[in-house]
Amino acid sequence: MVTAKPLADTNMLLKCATEQLGCPHFCSQGIKIPVYCFGTQYLIDNSLFGGVSHISDEEQSLLDSLLLAQWEERMWKGHFEYDITASEIKVIRGRRKFLAQLNSDGGIDCLQDPDKHKMCHQKDLPVFDQTKHCEELLFCITNSDKADSELIPSAAVPNGAILIVINVNPIEYGHVFLVPHGFDRLYQVVDARYLEMVVRVAVEINNFSFRVFYNWPRHSHLYFQACYFPDLLPVEHMPVDILFDAGQKGIQISTVIDYPIKTLLFESNCNIRMMVEIVSETTRYLLDKEIPYNLMISDCGKKVFLFLQAQTLSSSCNLSAWECGGYFLFKSRQEFEEVTEAALLKRLSTVSLDDEGFATVKQFCCTMASKIVF
């Protein structure tokens, strides 16, 4: 069960920080914001019981309602660089049904351009311009020892929390950053504790349109992004070949077949922590081998797609997680009108990990998963 108290005026709660927000050394003194606390009821015996069990598919969860209400409030107040709802989207003709969006202002990760955008970075850490744009911070999410999840309308930012921050250059509706605060050793390594909280966000959002993304870090600081897509992304339609199946343990690893970029799919319908541990260990291995990768969390936290790119650390060659999933942004109408499935297939396959490297990664995943599960 999720409990909530009436929200106070968030404009009064989002006070400016005295230190850079989002950095591991962020000083939260003086900041009071809404805090959503995960309950323990739905993680009994490290299990995940299909999302928030008392909420029907038709009913909106509290966390979903909170995120969208806060995001839409910022939209109406003009905090975004453009209106994402005005962007033109089309399905590209072909078997894989790639998606293309025309947005002359979009496609910019605002954590990467401190001169043009409201967010900035210092020493490769994403931080806020705390003197002007405090309302980019919507709320934060943390764990609690109470059985039920709850929303606290106004509280200090706790350590070990996830900050939910708008992306002022959204690629889709509800686009936010999920930035860790107070986590140790979160430089490039997808820490299992942080990843578990991110997956829990998808679980408690309980909305099949909601997807979470992680891009190979161009900075030393690690963060996720999330937004809402009305339909499945192309990679989610593709068939899979099962590599590892733990049966009653509820863990499965598959290869996505007939797709231009090498992709693994991790699934669990009953054990979130075990799945997260396997994914985390896999990404640690990829980091050691200097293999760029992207993650996409979907199906209300039950699925994690791992996209494997070529062994180059050149950021100019890496695709974003949504591009790997089959969703592409175009600034030029000519490019938008003329793009073909063949061109996008080439774009994906060009950056994909080769067959030999993929075989090695698959072998590692199965060996490591066996040790964790059995």
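This text follows the structure it describes.
Keep in mind that this is a model prediction, so the values were computed, not measured.

Visitor: Give me unusual backbone geometry: which residues, what numbers.
Guide: Phi is positive for Glu290, which is not a glycine, with a value near 55 degrees. Note that Glu290 resides in the loop between α4 (272-288) and β16 (293-298). One non-glycine residue with positive phi stands out, namely Cys300, at about 55 degrees. Assignment of secondary structure puts Cys300 in the loop between β16 and β17 (303-308).

Visitor: Please set out the sheet that holds strand β4 (residues 99-102) residue by residue, giving values where relevant.
Guide: The three strands lie next to each other as β3-β4-β18, forming an open sheet whose pairing is mixed. Pairing within the sheet leaves two strands with one partner each, and these edge strands are β3 (88-91) and β18 (327-330). Adjacent strand axes in the sheet meet at a mean angle of 25 degrees when their direction is disregarded. In this sheet, β4 lies alongside β3 in antiparallel orientation, the contact comprising four bridges. The partner of Glu88 across the bridge, within β4, is Leu102.

Visitor: Account for the layout of surface pockets, naming residues and giving values.
Guide: Within this model, the second largest pocket holds a volume of roughly 160 Å³. In terms of lining residues, the second largest pocket is bounded by 13 residues, among which Val91, Leu99, Pro230, Asp231 and Leu232 are the most central. Class assignment of the residues belonging to the lining of the second largest pocket gives a composition of nine nonpolar, one polar and three charged.

Visitor: Account for the side chain of Glu150, with residues named and values stated.
Guide: Mapped onto the elements of the fold, Glu150 is located in strand β8 (residues 149-155). In this structure the side chain of Glu150 is engaged in a polar contact, spanning 3.1 Å, whose partner is the side chain of Lys146.

Calculation criteria
Sequence order as written defines residue numbering, which begins from 1 separately in each chain. It should be noted that, the model being predicted, local features are given only for residues of pLDDT at least 70 and side-chain atom pairs only at 80 or more, the latter also being counted only at that level, while totals for whole chains, interfaces and linings use all residues. The side-chain numbers reported here are obtained from all heavy atoms of the structure, hydrogens and water having been left aside. Put simply, DSSP H or I for four residues or longer makes a helix, DSSP E for two residues or longer makes a strand, and each gets a number counted from the N terminus. Any two strands are treated as partners once DSSP identifies two or more bridges connecting them. Axis definition: a line fitted to C-alpha atoms, limited for helices to the stretch in contact. Angles are taken between N-to-C directions and run from 0 to 180 degrees. Using protein atoms alone on a 1 Å grid, points that fit a 1.4 Å probe yet trap it form a cavity, whereas open point sets bounded by protein on both sides within 12 Å along at least five of seven lines form a pocket; residues with an atom within 4 Å of a point count as lining. Grid points are joined across faces, edges and corners, and a volume is the space filled by probe spheres set on the points. Residues were grouped as follows: Ala, Val, Leu, Ile, Met, Phe, Trp, Tyr, Cys and Pro as nonpolar; Asp, Glu, Lys and Arg as charged; and all remaining residues, including Gly, as polar. Any N or O atom pair separated by 3.5 Å or less is treated as a polar contact, with the protein-specific requirement of one donor-capable and one acceptor-capable atom, and with residues adjacent in sequence counted only for side-chain atom pairs.

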